[in-house]
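Architecture and fold: a report
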Amino acid sequence: MTTKLYSADEMQSIFQHRFEYSRLLTELTDEQSTFISSEDYSGLIELLMRKQTVIEALHQYSNGEPPLQQQWCDLRDSLNSQIRSKCEQLLDATEQNLAEVMQKEAACTQQMQSQRDHTRAQLELVSGGIAVQDAYHDDDQSSQFDSNF
């Protein structure tokens, strides 16, 4: 693996890209909630594939040798205040977006679990109804009136 050290401009550009991906991830997560609410699972699957692509791109910017976080720690004190401030703003906004995504993901998970539980309860009612129907179902022989009593 080759070592790639970023310049101040490259670092700022990377942080800008990460911020844009985090913003897109937030938007996709909002859209995900809509698909779940409308129970559009085929649309949800397509959206999740798009989200996976965004997550992979975001992850790619974070992985390097040395890691981006280490490079930032090494470089930040040597940056002029304007660039450092811009980078810190981008980092903070990215972290806020990702925290929001995590909260929304938890809500989506809860919503999916509630839908699953509701469906399970409906299936149990139907299954129970079928069992009762089967128990009281008259077969052909018992439905004949026996007049020999």
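Residues numbered from 1 in each chain as written. Predicted model: local features only at pLDDT ≥ 70, side-chain atom pairs only at ≥ 80, totals over all residues. Heavy atoms only, no water.

Details of the packing of helix α1 (residues 8-37) against helix α2 (residues 41-62)
Across the interface, α1 lies against α2 with an axial gap of 9 Å and an inter-helix angle of 160°. With respect to each other, α1 and α2 are oriented roughly antiparallel. Of the two possible hands of crossing, α1 and α2 adopt the one that is left-handed. Touching Ile14, His17, Arg18, Tyr21, Leu24, Leu25, Leu28, Thr29, Glu31, Gln32, Phe35 and Ile36 of α1 are Gly43, Leu44, Leu47, Leu48, Arg50, Lys51, Val54, Ile55, Ala57, Leu58, Tyr61 and Ser62, all from α2. (Axes fitted to C-alpha atoms, helices over the stretch in contact; angles between N-to-C directions. Helix = DSSP H or I, 4+ residues; strand = E, 2+ residues; numbered from the N terminus. Parallel < 35°, antiparallel > 145°, perpendicular 65-115°, else oblique. Left-handed = near helix turned anticlockwise from the far one by under 90°. Contact = heavy atoms within 4.5 Å.)

Considerations on the nonpolar core
Membership of the largest hydrophobic core comes to 14 residues, with the highest contact counts inside it found for Met11, Phe15, Leu68, Trp72, Leu79, Ile83 and Cys87. Within the residue set of this core, elements represented by two or more residues are α1, α3 (68-76) and α4 (81-136). Apart from the residues within four sequence positions on either side, Trp72 is in contact with Met11, Phe15, Leu79, Arg84, Cys87, Glu88 and Leu91. (Core = buried A, V, L, I, M, F, W, Y, C linked by side-chain atoms within 4.5 Å. Buried < 20%, exposed > 50% of the residue type's maximum accessible area, 1.4 Å probe, protein only.)

Observations regarding α3
Because the α-helix completes a turn every 3.6 residues, residues three or four places apart line up on one side. Of all the positions in α3, only Leu68, Gln71, Trp72 and Leu75 are classed as buried. Down the axis of α3, the smallest arc covering the buried residues is 100°, so these residues share one side. Counted as exposed and oriented over 90 degrees from the buried face of α3: Gln69 and Asp74. (Arc of directions from axis to C-beta.)

Side note on the side chain of Asn97
The topology assignment puts Asn97 in helix α4. If sequence neighbours within four positions are ignored, Asn97 has contacts with Phe19, Ser22, Arg23 and Thr26.

Here we look at the confidence of the model for the chain
Overall, the predicted model of the chain reaches an average pLDDT of 84, with 83% of residues at or above 70. Per-residue pLDDT, averaged within each element of the chain, yields its smallest value for α4 (85) and its largest for α1 (93). (pLDDT = per-residue confidence, 0-100.)

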